[in-house]
Amino acid sequence: MDQLIDEGFLRRLSRLQFITKGRCASRLSGGHPSPRAGVSLEFADYREYTPGDDFRYVDWNIVGRLDRVLVKTFVREVDLPIYLLVDLSASMHLGSPPKVRYAARLAAALTYLGLRNLDRVGLYPFTDHLLPSVAPRHGNQQMARILSALRDVAPKGPTSLDQVLHEFAHRTHETGLLFLISDFLVRGEYEEGIARLAYRGDEIVAIQVIDPSEMSPTISGGARLTDVETGRRLDLTIGERTLSQYRRRFEGYVSALRSYLASQRIPYILAPTDLRIEELIHVRLRAQGVVQ
Amino acid sequence: MILQAPGALSLLALVGGIVFLYFLRSHNRSYDVSALFLWEGLASDPQSRAARIRKRIDLLLIVQIAILALASLALAQPERLTTAARVPGLVIVIDASASMRTITPSGVSRYVVACARANDLLDQYPTSPAAVIKYSSHSQILSPLTNDHDSLRRILATEHVTWYADGDEEMLTALIGSVSGRSDGTKVIVLTDHAVHKQVTTMEEQLVRGGENVAMTSFAVREDADMRGVAAFVRLHNFTDHYVDTTLRVSDGTREVSLPVLLASEQEQAYVLPFSGSLGPEFTASITPSDALAADNARYFALPRSIDRRVRWIGERNPYLEAALRACGPMTILDEDSTDPADLTVVYNVAAPDDVIGNILLVHAGISDAISLGDDEDPGALQVRLPDDPLLAGVDASDFRIVSAPTVTADPAGMTIIASGESPLLYRLRQQDRSIVLIAPDIMHTNLPLTIDFPVLVRNILAQLTPRPTPPSPLWTNVGDPLSLQGYDNPSALTSPDGETLSFDAQRAFIPQSPGIYTLTTKRGVYPLAANVALGESIPAQEEAAASVGYEALHAEITGIPLWPEVALAALLLLIAEGAIYQGWTFRRRRG
């Protein structure tokens, strides 16, 4: 744990909690509102009495004044499953520090934040398919399990977000708060998977982990570029003009991703690896309304 | 530089192979990227291509070629040819006399220049055993022959020039002989500023020159006849090649007299400076402004002072005799019981003790082993037996009247100067370690106190028994020359011109180490001792002394110093540097 997050950092996280915009469909009681009515302190509505309703919820004042038997309903509060989908493809190994290291630290911080708010947190690492995961659970033991899993990550293989998100939708039956942590450098192969989960009712937060050298590379001269995921090579003589083109293309790609996510009402957070995790959570996640 | 195995240089042909392999390999640097699709379709940058071509000859290629070149050179066993000669032995003689203090135009003293030349010689003969001799009137061997040139350099750095005079050449020859032993062909190089007679055939003299000098070659002070002042005698010599305007000053520590002086080139001029009212006794003569050799710009003189006679009086005090004694000069009368040493013992009207030391004036007194007195009686007519005796110089004894005088039985070895019959009235005896003068009658029974010849007689007696005391040895010397301290009365302290208390042996000589006024404190008084730099130190060397015997050409031997270890080390360092450069590039590529 000490390798990923330190105690001071955790202390500063302790005052935060996740915000859910919609109603979660969990079957367990918790601190987040559910679309179904239930027992809680928060009043929701009145409805006509039907046989079998608990007499305790009949509003006798209404009966006296209107001569109608109405029962009070309350907001049901359920707990929030938090799913951490962390990209472990080969491209996450690049960067200084490696993007996967940054992603792991971020996942550890989110795990702590969720568990401390008595939510269930699960870890789902993936490449082009889902890797062995840690199912959502409560408690300190879960923190240890997730940290252990994050510490042992070894990025390799290609990425296929659509495939992975399909697998995830099949494997999980509860909607929840889903943090999708990836570099998203997959040439648009994410729309279908994200749309499916959004349709299911999951609250998705997309966090794009990018090394600064990927946004603004400093390569010059003759270069042989190798795609670490596909192994494909490209010989290119790179100068300032080439780099300028690249930057425009990269910005266009990110802009397209952001537009798509916005269309799905999914918060998008850009996480350069030179940005401190603390600042990412306190500033950027808070600005996107993910935490408060 | 020569190569012992020049064939190894053929390895340089491998440079072509390195270059060939370099151009064969891909020059595109490899970079891993996350998304190649972002790069696909981008246009290459022609300007960058040109830059790439320019960079084709990169640092690693240059380093590799340099490594190969150095390795080939090391295998070729290069040697550096030195002009250094090898001789069986090298004896470096450095003149450390006072004249080597002369400041050269380069701002350092001749001695420093000589030491620098000595270091050059050690460089020139790196493999020859060498010795160093410090040459002056107190020459010494600083180091015998040794191959440890570093220790010789350390010795040269720590030794200093002296105030001594030039050395004795015979002594130098003996020192050279003791250093070189039986080694034939030992090269001797004398670094000096004056001509040295070549004592050995392999001696070479190298003159250290530079610095102009106006010297004070003589300085003495004499008391005026009226004892009211002194006159200083100074001689100046202008050794430069131009006129010199200087000021001569003579000081006794509290007052000074000065004289402006203009000296032509090579002119020597003597000056007499009256210095009334001063009896010194310490005098300093100096010329200003100072020149390159400051050692002879000031000289010192100590004037011998009158010293009181000390007279021990035994018996009855007689004012007439005492007055006559005091009329002869400053005098201190010591009591009979005083333990202070005395110049003369006066015994009046009593028998002299047996333990009296030194000369004795007996007045109506005897002494056990030589003179015995009988009863007083009328002496009758006086007989002057030795009228030419020094005791009677200027004395007319015919005026002397004696009422009574004792009969005297005296040692016949003495001389009776005035007698009455057979009994001496004025008698003189020279014993082994003392002189005795006898005035047989009690002078109060004579008319002596009333005669004008009495003080003359007493003066003559005193002159015979106690010549006016003077310092037992000269009060001045040259630095480095011994000054005997024997004869001074219980010397108790000796201080240097700087006021530092010096240790000394009163029974031996004192050798001053620097010029100035030293002070010797004794029981009889304080004596100033003047020490000056020897006159010879002011005289410049003759031109012809600079000739060299050309010994080096006869015995020179070209030697080669192996350079391959240094070259191989350089190649190894470059190899390490190449590895570091390559690792650095790889790391940066991975980051990129």
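**A short note on the overall build of chain B**
Per the secondary structure count, chain B includes ten helices and 33 strands. For chain B, the residues scored as buried account for 45% of the 592 residues in total. A separation threshold of at least 6 residues defines the contact pool for chain B, and within that pool the share at least 24 residues apart is 69%. A total accessible area of about 28900 Å² is found for chain B, and carbon and sulfur atoms account for 55% of it.

**Some points on the sheet that holds strand E5 (residues 134-137) of chain A**
Residues and elements named next belong to chain A. Within the open sheet, the six strands sit side by side as E5-E4-E3-E6-E7-E10. Their pairing is mixed. The sheet is open, and its two borders are formed by E5 and strand E10 (268-272), each paired with just one other strand. Averaged over all pairs of adjacent strands, the angle between their axes in this sheet comes to 20°, without regard to strand direction. In this structure, strand E4 (residues 120-126) lies alongside E5, joined through two bridges in antiparallel fashion. When the bridges of E5 are listed, valine 121 appears paired with arginine 137. Contacting E4 and E5, helix H4 (residues 140-151) crosses the sheet at an angle of about 155° to E5. Packing against the sheet, helix H8 (residues 240-263) makes contact with strand E7 (203-210) and E10, and its axis sits at approximately 170° to E7.

**A closer look at the packing of helix H7 (residues 319-326) of chain B against helix H8 (residues 454-465) of chain B**
Residues and elements named next belong to chain B. For the pair H7 and H8, the least separation of the axes is 9 Å and the interaxial angle reads 65°. In terms of crossing hand, the pair formed by H7 and H8 is right-handed. Contacts between H7 and H8 involve Tyr320, Leu321, Ala324 and Leu325 from the former and Phe454, Pro455, Val458 and Leu462 from the latter. Split by residue class, the contact of H7 with H8 holds eight nonpolar, no polar and no charged.

**Re the nonpolar core**
By size, the foremost hydrophobic cluster in this structure holds 49 residues, and its most contacted members are B:Leu321, B:Leu361, B:Leu362 and B:Ile371. If you tally residues by element for this core, the top one is H8(B), at six residues. In this structure B:Leu361 touches B:Leu344, B:Thr345, B:Val346, B:Val347, B:Val437, B:Ile439, B:Ile461 and B:Leu465, once residues within four positions along its chain are discounted. A:Leu85, A:Ile194, A:Ile238 and B:Phe37 belong to the second largest nonpolar core, which has 46 residues in total.

**Concerning the interface of chain B and chain A**
Taken together, the contacts link 25 residues of chain B with 38 residues of chain A. Where chain B abuts chain A, roughly 3000 Å² becomes buried across the two surfaces, and 56% of that area is made up of carbon and sulfur atoms. Linking chain B to chain A there are one salt bridge. For A:Arg232, the salt bridge is made with B:Glu40, and the minimal N-O distance between the two is 2.4 Å. Counting only elements with at least two residues in the side of chain B that touches chain A, the list comes to strand E2 (29-33) and helix H2 (46-54) of chain B. Ranked by the residues each element gives to the side of chain B that touches chain A, the list is headed by E2(B), at five residues. For the side of chain B that touches chain A, the per-class residue count stands at ten nonpolar, eight polar and seven charged. One ladder, built from five bridges, connects strand E8 (residues 221-227) of chain A with E2(B); its direction is parallel. Bridge pairing in E2(B) links A:Ala223 to B:Arg29.

**With respect to the confidence of the model for chain B**
Residue and element names in this part refer to chain B. Of all residues in chain B, 88% attain a pLDDT of 70 or more, and the chain-wide mean is 82. Mean pLDDT across the elements of chain B bottoms out in helix H9 (residues 551-555) (37) and peaks in strand E19 (residues 360-363) (94). Under a pLDDT of 50 for its full length, residues 544-556 has, in the predicted model, 23 contacts with residues more than four places off or in other chains. Model confidence for the complex is summarised by a pTM of 0.44, with the ipTM given as 0.79.

**A word on the packing of aromatic side chains**
Residues and elements named next belong to chain A. Taken as a whole, this structure holds 13 aromatic pairs over all chains when the rule is applied. A centroid spacing of 5.8 Å and a plane angle of 65° characterise the contact between tyrosine 83 and tyrosine 124, whose relative ring orientation is edge-to-face. With tyrosine 83 in strand E3 (residues 81-87) and tyrosine 124 in strand E4, this pair connects stretches of sequence that are 41 residues apart. Look at tyrosine 83 and you get buried, because its relative accessible area is 2%. Between tyrosine 83 and phenylalanine 168, the ring centres sit 4.9 Å apart and the planes meet at 80°, which makes this aromatic pair edge-to-face. Separated by 85 residues along the polypeptide, tyrosine 83 in strand E3 and phenylalanine 168 in helix H5 (residues 161-171) bring together distant segments of the chain. Owing to a relative accessible area of 0%, phenylalanine 168 belongs among the buried residues under this scheme.

**What to know about the pattern of salt bridges**
All names here are of chain A. Within this structure, the stated rule accounts for 22 salt bridges over all chains. Between arginine 47 and aspartate 53 there is a salt bridge, with the nearest N and O atoms lying 2.7 Å from each other. Residue arginine 47 is classed as partly exposed on the basis of its relative accessible area of 36%. A salt bridge links aspartate 202 to arginine 200, with the shortest nitrogen-to-oxygen separation between them at 2.8 Å. Each member of the salt-bridge network shares a partner with another, and the members are Lys99, Asp183 and Glu214.

**Quick word on the sheet that holds strand E9 (residues 233-238) of chain A**
With respect to topology, three strands assemble into an open sheet ordered E9(A)-E8(A)-E2(B), the strand pairing being mixed. The open sheet has two edge strands, E9 of chain A together with E2 of chain B, and neither has a second partner. Strand-to-strand twist of the sheet, defined as the mean angle between neighbouring strand axes without regard to direction, takes the value 30°. Direction of pairing for E8(A) relative to E9(A): antiparallel, over a ladder of six bridges. Pairing of A:Gly222 across the sheet is with A:Thr237, part of E9(A).

**Quick word on the packing of helix H3 (residues 99-116) of chain A against H4(A)**
All names here are of chain A. The N-to-C vectors of H3 and H4 enclose an angle of 175°; their axes lie 10 Å apart at closest approach. Taken together, the axes of H3 and H4 lie roughly antiparallel to each other. Touching Ala104, Ala107, Ala108, Thr111, Tyr112 and Leu115 of H3 are Gln142, Met143, Ile146, Leu147 and Leu150, all from H4.

**Regarding a nonpolar patch on the surface**
Taken together, the side chains of B:Leu569, B:Leu572, B:Leu573, B:Leu575 and B:Ile576 define a hydrophobic patch exposed on the protein surface, amounting to about 490 Å² of accessible area. In this fold, B:Leu575 is placed in helix H10 (residues 564-591).

**Structural notes on a negative patch on the surface**
All names here are of chain B. A cluster of acidic side chains, namely Asp375, Asp376, Glu377 and Asp378, defines a negative patch on the protein surface. By secondary structure assignment, the location of aspartate 375 is in strand E20 (residues 371-377). Owing to a relative accessible area of 64%, aspartate 375 belongs among the exposed residues under this scheme.

**Digging into the pairing of strand E4 (residues 90-95) of chain B**
Residue and element names in this part refer to chain B. Of all six residues in E4, six are buried, a share of seventy percent or more. Going residue by residue along E4, you find Leu90, Ile92 and Ile94 tucked away on one face and Val91, Val93 and Asp95 tucked away on the opposite face as well. Here six bridges tie E4 to strand E5 (residues 130-135), and the two strands are oriented parallel to one another. Looking at the pairing, leucine 90 lines up with alanine 130 of E5. Remark: the E4/helix H4 (residues 110-124)/E5 crossover connection has right-handed handedness. With five bridges joining them, E4 and strand E7 (residues 187-192) adopt parallel strand pairing. Its bridge partner being in E7, isoleucine 92 is matched across the sheet by isoleucine 189.

Rules of the game
- Residues numbered from 1 in each chain as written.
- Chains lettered and ligands numbered in written order.
- Predicted model: local features only at pLDDT ≥ 70, side-chain atom pairs only at ≥ 80, totals over all residues.
- Heavy atoms only, no water.
- Helix = DSSP H or I, 4+ residues; strand = E, 2+ residues; numbered from the N terminus.
- Buried < 20%, exposed > 50% of the residue type's maximum accessible area, 1.4 Å probe, protein only.
- Contact = heavy atoms within 4.5 Å.
- Areas by Shrake-Rupley, 256 points an atom, 1.4 Å probe, with all protein chains shown as cover.
- Pairing = 2+ DSSP bridges.
- Axes fitted to C-alpha atoms, helices over the stretch in contact; angles between N-to-C directions.
- Left-handed = near helix turned anticlockwise from the far one by under 90°.
- Nonpolar A, V, L, I, M, F, W, Y, C, P; charged D, E, K, R; others polar.
- Core = buried A, V, L, I, M, F, W, Y, C linked by side-chain atoms within 4.5 Å.
- Buried area = accessible area lost by both parts, 1.4 Å probe.
- Salt bridge = Lys/Arg side-chain N within 4 Å of Asp/Glu carboxyl O.
- pLDDT = per-residue confidence, 0-100.
- Phe/Tyr/Trp six-rings, centres within 6.5 Å; stacked < 30°, edge-to-face > 60°.
- Parallel < 35°, antiparallel > 145°, perpendicular 65-115°, else oblique.
- Patch = residues over 30% accessible without salt bridge, like charges linked within 9 Å, V, L, I, M, F, W, Y side chains within 5 Å.
- Lys, Arg positive; Asp, Glu negative; His and termini not counted.
- Charge placed at Lys NZ, Arg CZ, Asp CG, Glu CD.
- Right-handed = clockwise from strand over helix to strand, strands pointing away.

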